[in-house]
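Summary of structural features
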Amino acid sequence: MPHPTRLTPLIPVAEAQSRLFALARPVPAETLPLRAAAGRWAAEDVLARRTQPAADLSAMDGYAIRFADLPGPWHVVGESAAGSPYPGTVGMGEATRIFTGAALPPGADTVLIQEEAARDGATLHLDGEGPAHLGRNTRARGLDFHAGALLLRAGDRLTPARVAVAATGGHATLPVRRPVRVAIAATGDELVPAGSDATGLQLPESNGVMLAAMLADLPVEVIDLGILPDRLDVLRDAFAAIDADLLVTTGGASVGDHDLVRPALEAAGGTIDFWRIALRPGKPMMAGRLGEAVVLGLPGNPVSAFVTATLFVRPMVAHLAGARDPLPTMTGALLGEDLPANGGRTDYLRAELRDGKAYASTIQDSSMLLTLARSTCLIVREADAPAARAGDSAEILIIA
Ligand SMILES: Nc1nc2c(c(=O)[nH]1)N[C@H]1C(S)=C(S)[C@@H](COP(=O)(O)OP(=O)(O)OC[C@H]3O[C@@H](n4cnc5c(N)ncnc54)[C@H](O)[C@@H]3O)O[C@H]1N2
Ligand code: MOO
């Protein structure tokens with residue numbers, strides 16, 4: 001049987017990523033209490049409903065004084081604690097006891113810390129250097145933000161600090177995107193579920209569990225389609241029945257006679273937008289649409305599946321979840337050893353970071369899971385990059 005020799009040209013990684021993001025808009029929004037919203041992405045800009053701090057406050061425990069009265073002594077006329085301010089005004093030569101977070105009484109402008117103060121009944125003396133300038137040890141009203149300030153931008157990930165700033169800004173709930181429904185299907189007649197007896201040439205399925213683990217920190221609902229056989233009708237029917245925002249398959253993506261994912265998707269009514277990336281490992285990845293869902297057909301080799309999931313699946317989930325900046329963060333590192341010139345595909349080398357230097361594994365076969373499991377980063381080698389020397393700087397992606 002003749003094999004098709006004319007294949008589409010390989011697409012650069014960055015172009016494939018932007019084409020992928022263009023396939024779908026973020027999923028609909030919902031409003032959640034802050035604790036539930038953590039880890040999602042803000043669906044709208046969030047403005048402060050209050051000014052923080054709401055008044056001039058003390059930043060330290062000590063005495064509220066007028067800077068002009070230094071070096072004292074002072075007459076202590078009362079106390080200001082967080083939540084119970086001094087009711088009067090501090091006049092010339094007067095001070096109040098004050099605690100961290102308490103409102104600075106009108107008239108006072110500076111705080112003398114208690115370590116530099118000596119108290120004798122109602123009389124207070126300077127016992128140290130004292131505050132160096134007017135306003136020392138205080139926080140001005142609005143130091144952090146004023147009412148109306150932009151606290152979060154639509155598309156910001158709701159990190160712990162961002163949830164906290166929303167709370168301080170007067171919000172109990174936040175608009176976020178609902179969870180992304182991701183259907184995951186492994187394909188291949190040789191696969192058996194992990195833990196079952198793999199006889200002969202059977203192979204425990206590992207891509208599905210790896211993909212689910214790679215999405216565990218993202219707002220997803222995983223729909224596990226399990227292992228599907230290399231049969232066009234079975235794949236077609238399984239694909240046609242999915243109800244998801246994103247369908248991720250592994251295996252059957254290449255050009256062999258048993259590589260049926262593409263024809264099965266098309267038979268189910270789907271369309272392929274692009275196939276084959278200038279990427280190693282991961283070249284045969286395909287992307288398209290099937291009804292309401294975006295489809296990512298990953299290669300079956302475990303390392304290829306890992307790299308394409310890192311570069312496409314996780315970013316696509318983040319995009320669907322409303323991320324403004326869905327791509328993985330690259331870091332810089334020095335190479336621990338020389339690397340040869342690269343070919344025409346961007347290469348992601350499994351590597352270990354030791355003492356800040358990245359050492360690539362000697363064998364980069366895309367089937368080798370133990371090498372991947374021992375790796376802590378991927379060294380990115382751009383297409384056609386010249387040979388590199390130990391000590392050269394390189395872009396890396398941290399993976400563990
Ligand atoms: N003539 C060509 N052959 C191949 C090409 C090519 O361009 N021309 N591309 C190669 C590249 S690159 C890759 S990557 C592989 C990927 O092909 P498939 O996506 O069709 O993957 P499979 O053949 O189904 O499987 C590859 C390998 O991975 C194992 N596998 C599959 N699924 C799983 C799973 N869920 N868990 C664990 N292991 C899995 C499978 O048993 C195979 O050993 O194609 C090259 N061939
Ligand atoms: O994706 Mo393949 O060999 O490039 O593993």
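Residues numbered from 1 in each chain as written. Chains lettered and ligands numbered in written order. Predicted model: local features only at pLDDT ≥ 70, side-chain atom pairs only at ≥ 80, totals over all residues.

Further remarks concern the overall build of the protein. Along the protein, the regular secondary structure elements total 8 helices and 26 strands. Since a compact globule built from 400 residues should have a radius of gyration of about 21 Å, the 30 Å found for the protein marks it as more spread out than a globular shape. Judged by the C-alpha coordinates and their principal axes, the protein covers about 100 × 50 × 40 Å. In the protein, which comprises 400 residues, the share counted as buried stands at 38%. Long-range contacts, defined as pairs at least 24 residues apart, comprise 69% of the intrachain contacts of the protein with a sequence gap of at least 6. (Helix = DSSP H or I, 4+ residues; strand = E, 2+ residues; numbered from the N terminus. Rg over C-alpha atoms; globule rule 2.2 N^0.38 Å. Buried ≥ 20, exposed ≤ 12 C-beta atoms within 10 Å, placed from the backbone. Contact = placed C-beta atoms within 7 Å.)

Bringing the site of ligand 1 into the picture now. The environment of ligand 1 is made up of 27 residues, and the closest members are Asn207, Gly251, Ala253, Ser254 and Gly300. Broken down by secondary-structure element, the contributors of at least two residues to the shell around ligand 1 are helix H4 (207-214) and helix H7 (302-320). (Near = placed C-beta within 6 Å.)

This brings us to the UniProt feature "domain: MoaB/Mog" (unreviewed entry) in the protein. The positions that UniProt labels "domain: MoaB/Mog" (unreviewed entry) are, in the present scheme, residues 183-319. For residues 183-319, the end-to-end C-alpha separation is 16 Å, with 31% helix and 30% strand making up the annotated structure. (UniProt positions renumbered as here; feature names shortened; annotations may be inferred.)

On the basis of which strands lie adjacent, the open sheet formed by 6 strands has the order S16-S13-S17-S21-S20-S18 and mixed pairing. With partners counted over all chains shown, the strands left at the sheet margins are strand S16 (220-228) and strand S18 (271-275), one partner each. Going from strand to strand, the sheet's axes swing by 20° on average, the running direction of each strand aside. Of the strand pairs in this sheet, strand S13 (residues 180-187) and S16 are connected by 7 bridges, and their pairing is parallel. (Pairing = 2+ DSSP bridges. Axes fitted to C-alpha atoms, helices over the stretch in contact; angles between N-to-C directions.)

Quick look at the site of ligand 2 now. Ligand 2 sits among Arg280, Pro281, Gly282, Lys283, Pro299, Asn301, Ser304 and Ser366. Class assignment of the residues belonging to the shell around ligand 2 gives a composition of 2 nonpolar, 4 polar and 2 charged. (Nonpolar A, V, L, I, M, F, W, Y, C, P; charged D, E, K, R; others polar.)

All right, on to the pairing of strand S26 (residues 393-398) then. Bridge count for strand S22 (residues 331-335) against S26 is 4 bridges, and the pairing is antiparallel. When the sheet's bridge partners are listed, Thr331 is paired in S26 with Ile396. Note that strand S25 (residues 377-381) and S26 share 4 bridges and pair antiparallel. Within S26, the residue paired with Val380 across the bridge is Glu395.

Residues with a pLDDT of 70 or more make up 98% of the protein, whose mean pLDDT is 97. In the predicted assembly, ipTM is 0.98 and pTM is 0.94. (pLDDT = per-residue confidence, 0-100.)

Attention now moves to helix H5 (residues 232-240). Where H5 is concerned, the buried positions are Leu235, Ala238 and Phe239. In an axial view of H5, the angular spread of the buried residues amounts to 95°, which keeps them on one side of the axis. Considering only its buried residues, H5 is in contact with S13, S16, strand S17 (246-250), helix H6 (261-267) and strand S20 (286-290). (Arc of directions from axis to C-beta.)

Looking now at unusual backbone geometry. Between Leu70 and Pro71 the backbone carries a cis peptide bond, its omega angle lying at 10°. Position of Pro71 among the secondary structure elements: in the loop between strand S4 (62-65) and strand S5 (74-80). Omega for the bond connecting Arg280 with Pro281 falls within 30 degrees of zero, at -10°, which places this linkage in the cis form. With respect to the helices, strands and loops of the structure, Pro281 is situated in the loop between strand S19 (279-280) and S20. The residue Asn137 is not glycine, and still its phi comes out positive at about 65°. Topologically, Asn137 is positioned in the loop between strand S9 (123-126) and strand S10 (138-139). Classification of Asn137 by C-beta neighbours within 10 Å gives buried; the count is 20. A positive phi angle is found at Asp355, which is not glycine, with a value near 50°.

With that settled, consider the sheet that holds S4. The strand order across the open sheet built from 6 strands is S7-S4-S6-S5-S9-S8, with neighbouring strands paired in mixed fashion. Two strands bound the open sheet, and with one partner strand each, they are strand S7 (110-113) and strand S8 (117-120). Strand-to-strand twist across the sheet, computed as the mean angle between neighbouring axes with direction ignored, equals 40°.

The next thing to look at is the domain arrangement of the protein. Entries for the protein in the domain assignment read domain 1 (13-27 + 178-320), domain 2 (43-51 + 145-177), domain 3 (57-139) and domain 4 (331-398). If you average the C-alpha positions of domain 3 and of domain 4, the two centres end up 59 Å apart. (Domains from an automatic or database assignment.)

A word on the packing of helix H1 (residues 13-21) against H7. Where H1 contacts H7, the axes come no closer than 10 Å and their chain directions differ by 35°. Crossing geometry of H1 relative to H7 is assigned as right-handed. Touching Val13, Gln17, Leu20 and Phe21 of H1 are Leu311, Phe312, Pro315, Met316 and His319, all from H7. Here the residues of the contact of H1 with H7 sort into 7 nonpolar, 2 polar and no charged. (Left-handed = near helix turned anticlockwise from the far one by under 90°.)

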